[in-house]
Amino acid sequence: MVERIKVNFRKVQHGLWLIIEKLLRWCVHPWLRARALNVLGARIAAHVRIDEIMLVNPVLGFKNLSIDHDSYIGTGTIIDLIGKVEIGSHTSISPGCMLMTHSDPGSQFGSGLCSVFPRRVSTISIGSHVWVGAGTIILAGVTIGDYVVIGAGSLVNRSLPDHVLAYGQPARVVKRLPELAVPTDKYCEKKADSEL
Ligand SMILES: CC(C)(COP(=O)(O)OP(=O)(O)OC[C@H]1O[C@@H](n2cnc3c(N)ncnc32)[C@H](O)[C@@H]1OP(=O)(O)O)[C@@H](O)C(=O)NCCC(=O)NCCS
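This text gives an overview of the structure that appears in the document. Given the structure is predicted, the values throughout are model-derived calculations rather than measurements.

A separate point is unusual backbone geometry. The step from Q169 to P170 runs through a cis peptide bond, and the omega angle for that step is 0 degrees. Along the chain, P170 turns up in the loop between β18 (164-167) and β19 (172-176). The phi dihedral of D70 is positive, around 60 degrees, even though this residue is not glycine. Here D70 shows up in the loop between β4 (65-67) and β5 (72-73).

Structure (structure tokens):
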């Protein structure tokens with residue numbers, strides 16, 4: 001009986017998160033959406049812009065999402081919140097990307113494929129100063145370093161080190177990028193001006 005009440009409570013809670021997630025898409029302003037997510041349990045730092053995205057599987061609400069300051073997530077991106085998604089600062093996720101933190105052929109429905117491909121949940125971690133090209137798919141367990149560029153339409157199924165350009169399906173490192181100095185001073189001056 002207690003177990004049944006627990007299961008029903010979880011279902012109701014999940015249902016509420018799903019409704020809130022839908023309402024979030026109505027937030028007209030990307031800054032406002034970021035702030036609202038922060039209040040709802042995600043860790044979203046200052047100056048983050050989140051366009052109209054889809055947060056799927058918010059079973060635990062939004063607490064699995066953390067985004068550091070000055071990052072951007074483009075329209076139509078799908079983020080799977082079963083596992084953790086950590087995004088660094090100054091990072092841009094272009095429109096139409098997919099960040100999938102779990103793989104499961106259907107364990108809830110008794111899929112026989114689970115004996116070969118068991119359910120797996122792992123964190124996706126994306127560094128700072130990363131540019132993820134439009135339509136890229138990033139799979140569970142992938143860690144992407146800092147100062148990485150991923151070409152549009154890539155499938156990232158393996159981790160990538162710092163300072164590289166990678167693209168393709170699957171994404172492969174095609175070039176090492178120069179170690180760039182962070183343009184902190186200029187950037188801050190410009191930003192201070194634009195915020196006046
Ligand atoms: C990865 C990227 C930055 C590379 O730009 P670039 O250095 O100017 O690259 P080039 O266009 O000169 O292409 C160089 C080579 O890489 C290949 N290439 C470039 N991007 C590729 C991609 N996404 N997938 C596969 N191959 C790609 C080109 O075909 C070319 O190959 P070749 O030398 O055999 O002809 C760019 O192609 C890209 O994908 N940008 C993302 C754009 C985007 O998502 N915009 C959304 C809004 S921000």
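Further remarks concern the sheet that holds strand β7 (residues 85-87). The strand order β1-β4-β7-β12-β15 describes an open sheet built from 5 strands, whose pairing is parallel. Strands with a single pairing partner mark the edges of an open sheet, and in this sheet they are β1 (43-44) and β15 (143-144). Looking at chain direction, strand β12 (residues 124-126) and β15 are connected through 2 bridges and run parallel. By the bridge assignment for β15, S125 is matched with T143.

About the criteria used
Residues numbered from 1 in each chain as written. Predicted model: local features only at pLDDT ≥ 70, side-chain atom pairs only at ≥ 80, totals over all residues. Helix = DSSP H or I, 4+ residues; strand = E, 2+ residues; numbered from the N terminus. Pairing = 2+ DSSP bridges.

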